[in-house]
Amino acid sequence: MTHNRWRLTLAVTALCFLVLFLIAFAAGQRGIPVEDGGEFLTVARLGGINHPPGLPLLSLLSRVSWILFGSEGLRVLFACAAASALILLTRKYTVSSLVFLFGILLLPSVAGRLLIWDAYGFLFLIYALAYFRKPPFNLEAGFLLGLALAIHPQGIFLVVLFEFKRSSVLQFFCGLLLGLSLYLALPLYSASGAIVDWGSTGTLGNFVRQVTAGGYREVYGGRMWGISYDVLLRHLGALWKIIWPLLLLPLMTGAIQLFRSNRKLLIRLEILFVLDLLFVTIINPMAAGTTQTAILSLFVILALAVEGMNVIYSWRRIAGVIAAGAVLAAAVLSWEPLPDQENEIIKFFAPAPFESVFFLSSNDLLYGGWVLKYAEDRRPDIVLLSTGNFSIWFERMATWFNPDVDLSKGVLDVGDFSMSREELARRLINATIQDNPGRPFLNDF
């Protein structure tokens, strides 16, 4: 590639990234998000770590984004990730492929996974980077795998995209350890007294429990390790919503093209697709059918669809432009903003008396209250507690901002660990009410 050609390619790439970034930023989260987005925003504001296994890379990036851009930081961060990932998926910069990327970023099923404040957009980015680089098992591959695992457990499947030529096992494991070293942020945060701590990883036992998500297995273990017909249908239904009708033609075209020209790559993408299905149905059936799953399937679908758009464009340019324009037009018409529960949160918390204590069973309300109290400094007087989490770190987080509330009673003060979680929760709630006679107590159940 000549110097001028390289400069032109770099300029085109930068321009495409900028447009994709602006689209992603404009379509990004506003207000108070649902699900875990409120937790991410709270971590960005206060520092600390996210829920198990800790997600250290995302936690650190979230905090940096707030330092640099304030309350708009997460929108900037996730817009950068989405734009970068889609640029990496595009091997050929044609008019049709770029218009196509602009369109798919606005599709609700895509934006809901790439722009939502959670681990999935950045996991998608690491997969796109590995797909673009195709590293052998060397230092780079190990580092990418470590970074992927520092984002989400599904990062382990990244090895499917690695090449086996020119491998160096020693380099690979050195890179893996380097990427995984981000998990050292967890005990460092605990030692420094981070407010959002999720269980104090300062001891080896707590650290292992955190990174292996031991608490999740205790709560949801009964729903895991089996394939449910209902879960499978919900997962397949979510995939169909992504594909039909806009991505069906480019997806099939891309699959046929890879079958003819690069069957090894097609097989790898198919393996990722199956592994994603197994992970959702066996490990994470609770979220099947939501935007919190199918991120690897989305990656496979978009990789094949981009390949298909390039093929259509090479057959007949006008056909490629029309097909891409149809996707963009349909995406604009069907676009819908990411869920914003600000009105619901304000309606729920605003009428509460001064210095109210809330016991909340809904994570949407809990994390929405976190945003209201910790990220936006509204209603600093209220105390937010969870009916499902009576950990010491959680209570320390509450008393850090409201030191006069008495949360001193523990499990052994009201019962023992042989009792059911429901009975212990009921007794701890009653003990908290008795120990704080001057405060109003409210709940959502």
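Trainee: Before we go on, may I ask you to explain the packing of helix H2 (residues 37–46) against helix H3 (residues 56–69) in this structure?
Mentor: Two measures define how a pair of helices packs: the angle their axes make with one another and the distance between the axes. Packing of H2 against H3 leaves a shortest axis separation of 7 Å and a crossing angle of 60°. Handedness of the crossing formed by H2 with H3: right-handed. Contacts from Phe 40, Leu 41, Val 43, Ala 44, Arg 45 and Leu 46 in H2 reach Leu 58, Ser 59, Ser 62, Arg 63 and Trp 66 in H3.

Trainee: Would you mind going over the pattern of salt bridges with me for this structure?
Mentor: Side-chain pairing between opposite charges can occur once the charged atoms of the two side chains come close. Under the counting rule described, the total for this entry stands at 14 salt bridges. A salt bridge links Glu 140 to Arg 133; the nearest nitrogen and oxygen atoms lie 2.7 Å apart. Using a relative accessible area of 45% as the deciding quantity, one classes Arg 133 as partly exposed.

Trainee: Mind showing me how you'd approach helix H5 (residues 95–104) here?
Mentor: The periodicity of an α-helix, 3.6 residues per turn, causes residues three or four positions apart to be oriented the same way. Taking burial as the measure, the 10 residues of H5 include eight buried ones, the bulk of the element. Along H5, the residues classified as buried are Ser 96, Ser 97, Leu 98, Phe 100, Leu 101, Phe 102, Gly 103 and Ile 104. As for H5, its buried residues are in contact with helix H1 (3–26), helix H4 (73–89), helix H6 (108–114), helix H14 (248–261), helix H16 (295–315) and helix H17 (317–334).

Trainee: Got a minute to help me understand the packing of helix H7 (residues 120–133) against H16 in this structure?
Mentor: In contact at an axis separation of 10 Å, H7 and H16 are set at 45° when each is read in the N-to-C sense. As the angle between them shows, H7 and H16 are arranged oblique. Once H7 is placed against H16, the crossing between them reads as right-handed. Contacts from Tyr 120, Leu 123, Phe 124, Tyr 127, Ala 128 and Tyr 131 in H7 reach Ile 295, Leu 296, Leu 298, Phe 299, Leu 302 and Ala 303 in H16. Each residue belonging to the contact of H7 with H16 can be placed in one class, and the counts come to 12 nonpolar, no polar and no charged.

Trainee: What is the right way to read the packing of aromatic side chains from this model?
Mentor: To describe a pair of aromatic rings, you give the distance between the ring centres and the angle between the ring planes. In this structure the tally under the stated criterion is 24 aromatic pairs. For the pair Phe 172 and Phe 173, a centre-to-centre distance of 5.5 Å together with 85° between the ring planes defines the contact as edge-to-face. Given the relative accessible area of 7%, Phe 172 is considered buried. Here the aromatic rings of Trp 393 and Phe 394 are separated by 5.3 Å at their centres, their planes lie at 70°, and the arrangement is edge-to-face. With respect to burial, Trp 393 and Phe 394 carry one shared label: buried. In textbook terms, an aromatic cluster arises when at least three aromatic residues are bridged by ring pairs, as seen for Trp 198, Tyr 367, Trp 370, Tyr 374, Trp 393, Phe 394 and Phe 401. Seen from the ring of Phe 25, Arg 75 lies directly overhead, with NZ or CZ sitting 4.0 Å from the centre. Of note, Arg 263 hangs over the ring of Phe 259, and the distance from its end group to the ring centre comes to 4.0 Å.

Rules and cut-offs
- Residues numbered from 1 in each chain as written.
- Predicted model: local features only at pLDDT ≥ 70, side-chain atom pairs only at ≥ 80, totals over all residues.
- Heavy atoms only, no water.
- Axes fitted to C-alpha atoms, helices over the stretch in contact; angles between N-to-C directions.
- Helix = DSSP H or I, 4+ residues; strand = E, 2+ residues; numbered from the N terminus.
- Left-handed = near helix turned anticlockwise from the far one by under 90°.
- Contact = heavy atoms within 4.5 Å.
- Salt bridge = Lys/Arg side-chain N within 4 Å of Asp/Glu carboxyl O.
- Buried < 20%, exposed > 50% of the residue type's maximum accessible area, 1.4 Å probe, protein only.
- Parallel < 35°, antiparallel > 145°, perpendicular 65-115°, else oblique.
- Nonpolar A, V, L, I, M, F, W, Y, C, P; charged D, E, K, R; others polar.
- Phe/Tyr/Trp six-rings, centres within 6.5 Å; stacked < 30°, edge-to-face > 60°.
- Lys NZ or Arg CZ within 6 Å of the ring centre and 35° of its normal.

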